[in-house]
Structure formats: C-alpha cells, structure tokens
Amino acid sequence: AAEWFCDLCRERDCIPDIFTVRSYAAIDPEEEKSGLKLVENNESFYMAVDGDEDCLMHLRRKVKDFLEAEGEGFCGLPVLMDEWSNNIWQRDLCNDTCYKSAYLFKSIMENHDSYYGLGYFSISDQLDEIAPAAEAFHGGFGLFTQNGIAKSAYRAMQLLSRAGDKLIAKGSGYFITASEDEIQIFLHNYCHYDMLYRYRNTTNLTKTRRYKVFQEKAPRSFHIQLEGVRPGRHEVRRYGIGRKGGSAYDAWIDMGAPEPMTKEEEKTLMRLSSPVYRREEAEAEGLLKIKASLMPHEVCLITISI
C-alpha cells in the first residue's frame with residue numbers, strides 16, 4: 001500500500017511534505033511463531049503485543065530505508081507518528097498503572113530526534129469504538145480516566161515537557177538536558193510485558209492486581225557525575241512516579257479500590273496523582289554527583305539549578 005501511495009504521488013505531482021505512520025506495537029501471532037495461541041476477544045484486533053521493546057526505533061529505521069528506496073522527493077522526508085501507543089487493546093488494565101509512565105519516558109527519550117512528532121493516542125478514556133465501561137480504571141488508552149482523573153501517563157507527559165533545549169547526554173535509562181538556568185535528568189526503569197500477557201493470557205491479572213504480567217526486573221541504580229558545574233551549593237528537586245506515589249491507580253488501590261467513587265474520592269485521587277516531590281541541596285566543586293534508585297516501572301525527573 002505504501003508503494004502504491006508513493007507511485008500515485010509521483011504520478012499526480014503531489015509529493016507530501018511529511019510522511020505519516022502509526023504504531024501500536026502490534027504483531028501478527030503467526031509472524032512471531034512463538035507457539036502460543038492468542039487469546040481472542042471482541043475488544044481488539046487479532047494482534048499480539050510486539051516483544052521488541054525498541055519497536056519504535058526499529059520502525060523508524062524501516063521507514064527511513066523505505067523512503068530512501070523510493071528515491072527523489074521521498075528520501076529525507078520528515079516522519080510523523082500521528083497515532084501511537086503501547087498496544088492495540090482497548091481494555092488493557094495495565095494502561096492505568098505506572099507502567100505507562102515508564103513506557104512514555106522510554107519511548108520519548110530514545111526517539112526524541114527520530115520522528116518529526118509523536119502523537120499519543122489518546123487524551124481521554126472517553127472513546128466510543130467499543131461499549132463504554134462503568135469503571136474508572138478499566139484500561140482505556142487515555143491519559144485521563146473518563147471522569148477526568150489524571151493517570152500516571154499524563155503526569156509523565158508533564159515531567160517530559162520540562163526538558164531543556166540542549167541535550168547533554170543520553171543512554172540506557174537516562175536522558176539529560178539543560179536550559180539557561182537548570183539541568184534536567186530524566187530516568188526510568190522500564191519493564192516489558194511477559195510472553196503470556198503479550199498473547200492476552202490474563203491468568204496473572206485482576207482489576208486490583210496488575211503488576212504480575214511483566215518481565216521480572218531488579219531495582220536500578222544511577223550514579224551521575226556532572227562536570228564543569230559552578231562551584232557552590234545547588235538546589236536539587238526530585239519528581240517521582242511509581243507505585244508509591246504519582247500514580248492515581250495505585251492510590252486508588254491503597255484507598256480500598258472504591259467503586260463507584262464519590263466526588264470526594266475523585267478529588268483525593270487527583271491530588272494523590274501528582275508526582276512525589278523532594279527538595280534538597282548539593283555541594284559542587286567543579287563536579288556534582290547525583291544518585292538515584294528506581295524500582296521497576298518507576299520514573300524520575302531531577303532538576304538542578306545552575
């Protein structure tokens with residue numbers, strides 16, 4: 001279909017300014033040949049979740065190769081991801097958990113300069129593609145529940161929006177930027193779905209227990225040294241999202257998983273969904289050392305005044 005589209009554009013002399021693609025990290029079960037049978041339902045397409053944690057990065061390379069093969073007019077076109085999410089299931093209960101904040105950190109940090117833009121799908125759980133759900137935390141695609149409670153995914157977007165305009169360093173699990181008067185350190189400890197859940201086997205999943213369907217991963221420690229920092233004391237602010245704070249779903253579980261919720265409970269969850277915050281001071285003498293330890297699914301933004 002893509003080749004036909006490019007041929008038509010050349011024929012009609014209307015080469016696009018931007019080439020758009022979409023990704024829901026989905027894969028044909030027959031293509032993967034895992035030996036597992038996909039559990040079918042009427043809420044999603046016949047697709048499993050891709051086992052490739054870096055599928056966005058690899059898709060960009062495939063698109064780049066395709067456009068280069070198409071030749072003049074298409075080679076070098078900006079690529080826009082106009083719809084994107086971690087899977088194509090509209091009732092994935094993990095969408096409500098803090099897993100989603102780590103997914104967004106990883107995806108955006110590792111592909112910040114690969115795409116012209118990344119359009120997350122979607123803003124709210126108020127979708128009409130399938131029958132509406134009565135529960136607030138029913139696994140919708142959105143950054144907000146259908147009654148307006150900010151999920152951990154939205155809080156992650158808020159933190160990522162604070163990235164500076166200068167990239168200092170990036171690598172596995174970390175991304176460091178700077179603005180005129182501040183350094184921003186973004187960290188994550190991402191865990192992918194396990195094999196069973198990628199094929200929609202929900203044996204280890206319930207509405208109130210949603211973290212047994214991921215690959216096992218240990219806590220992750222980061223030791224960062226910033227050179228050339230102004231000598232003296234610096235304000236260090238830490239913003240965290242994880243199971244112990246910054247996740248409305250986990251706060252709802254701690255609240256006793258009330259259903260339906262009262263207005264008071266909804267307001268309480270909105271307040272508890274804000275990232276965990278801590279302020280401290282650090283001394284630098286040309287070298288500033290920052291340490292952080294993240295549990296699985298946790299993300300962190302550390303800002304340093306300069």
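The paragraphs below set out a description of the structure included in this document. (Residues numbered from 1 in each chain as written. Predicted model: local features only at pLDDT ≥ 70, side-chain atom pairs only at ≥ 80, totals over all residues. Heavy atoms only, no water.)

Within the protein chain, the secondary structure is distributed over 8 helices and 11 strands. Taken over C-alpha atoms, the radius of gyration comes to 21 Å for the protein chain, in line with the 19 Å a tight globule of 306 residues would show. For the C-alpha atoms alone, the extent of the protein chain along its principal axes is close to 65 × 50 × 35 Å. Per-residue burial over the protein chain gives 48% buried out of 306 residues. Sequence separation of at least 24 residues holds for 73% of the intrachain contacts in the protein chain that already meet a minimum separation of 6. Surface summary for the protein chain: the accessible area is close to 15800 Å², and the carbon and sulfur share equals 50%. Computed over 38 positive and 48 negative side-chain charges, the inter-centroid distance for the protein chain is 7 Å. (Helix = DSSP H or I, 4+ residues; strand = E, 2+ residues; numbered from the N terminus. Rg over C-alpha atoms; globule rule 2.2 N^0.38 Å. Buried < 20%, exposed > 50% of the residue type's maximum accessible area, 1.4 Å probe, protein only. Contact = heavy atoms within 4.5 Å. Areas by Shrake-Rupley, 256 points an atom, 1.4 Å probe, with all protein chains shown as cover. Lys, Arg positive; Asp, Glu negative; His and termini not counted. Charge placed at Lys NZ, Arg CZ, Asp CG, Glu CD.)

Spatial strand order, β6-β7-β8-β11-β9-β10: 6 strands in an open sheet with antiparallel pairing. Only two strands of the sheet have a single partner each, and these edge strands are β6 (166-171) and β10 (276-294). The average angle at which neighbouring strand axes cross in this sheet is 15°, direction not considered. Of the strand pairs in this sheet, strand β7 (residues 174-179) and strand β8 (residues 182-188) are connected by 6 bridges, and their pairing is antiparallel. Bridging from a neighbouring strand, Ile176 pairs with Ile185 of β8. Strands in contact with helix α4 (residues 99-110) are β7, β8, β9 (220-241) and β11 (299-305); relative to β8, the strand with the most contacts, it is inclined by about 120°. Contacting β8, β9 and β11, helix α5 (residues 152-160) crosses the sheet at an angle of about 165° to β9. (Pairing = 2+ DSSP bridges. Axes fitted to C-alpha atoms, helices over the stretch in contact; angles between N-to-C directions.)

We now examine the pairing of β7. Sheet analysis places β6 next to β7, joined by 5 bridges and oriented antiparallel. Note on β7: the bridge partner recorded for Leu167 is Thr177. In this antiparallel pair of consecutive strands, β6 and β7, the connection spans 2 residues, and Gly173 shows a positive phi of 85°. A loop of 2 residues connects β7 with β8, the two strands running antiparallel in sequence.

On to unusual backbone geometry, then. Omega for the bond connecting Phe121 with Ser122 falls within 30 degrees of zero, at 5°, which places this linkage in the cis form. Along the polypeptide, Ser122 turns up in the loop between β5 (117-120) and α5. Pro260 follows Glu259 through a cis peptide bond whose omega is -5°. Summarising the element assignment, Pro260 is placed in the loop between α7 (248-254) and α8 (263-272). Unlike most non-glycine residues, Arg200 shows phi in positive territory, near 65°. Of note, Arg200 is situated in the loop between α6 (195-198) and β9. A positive phi angle is found at His297, which is not glycine, with a value near 75°. Among the structural elements, His297 can be located in the loop between β10 and β11. Overall, His297 belongs to the buried group, its relative accessible area being 5%.

On to the packing of aromatic side chains, then. Under the counting rule described, the total for this entry stands at 22 aromatic pairs. With a centroid separation of 5.6 Å and an interplanar angle of 85°, the aromatic rings of Trp84 and Tyr120 are classed as edge-to-face. A residue pair is termed long-range when its members are at least 10 positions apart, and Trp84 in strand β4 (residues 79-84) and Tyr120 in strand β5 qualify at 36 residues. Looking at Trp84, the relative accessible area reads 0%, which means it is buried. Centre to centre, the rings of Phe137 and Trp252 are 5.1 Å apart; their planes meet at 40°, and the pair counts as tilted. Linking Phe137 in the loop between β5 and α5 with Trp252 in helix α7, this pair joins segments that are 115 residues apart in sequence. For Phe137, a relative accessible area of 2% puts it in the buried group. Looking at Trp252, the relative accessible area reads 3%, which means it is buried. Here a set of aromatic residues connected by ring pairs shows up, and it is made of Trp84, Trp89, Tyr99, Tyr103, Tyr120, Tyr190, Tyr193, Tyr197, Tyr211 and Phe214. (Phe/Tyr/Trp six-rings, centres within 6.5 Å; stacked < 30°, edge-to-face > 60°.)

Of note, Asn95 is situated in the loop between β4 and α4. Polar side-chain contacts of Asn95 include one of 3.0 Å to the backbone oxygen of Gly139. A distance of 3.4 Å separates a polar side-chain atom of Asn95 from the backbone oxygen of Gly140. Residue contacts for Asn95: discarding those within four places in its chain leaves Asn86, Trp89, Lys100, Gly139, Gly140, Phe141 and Lys151. (Polar contact = N/O pair within 3.5 Å; in protein donor to acceptor, adjacent residues only side chain to side chain.)

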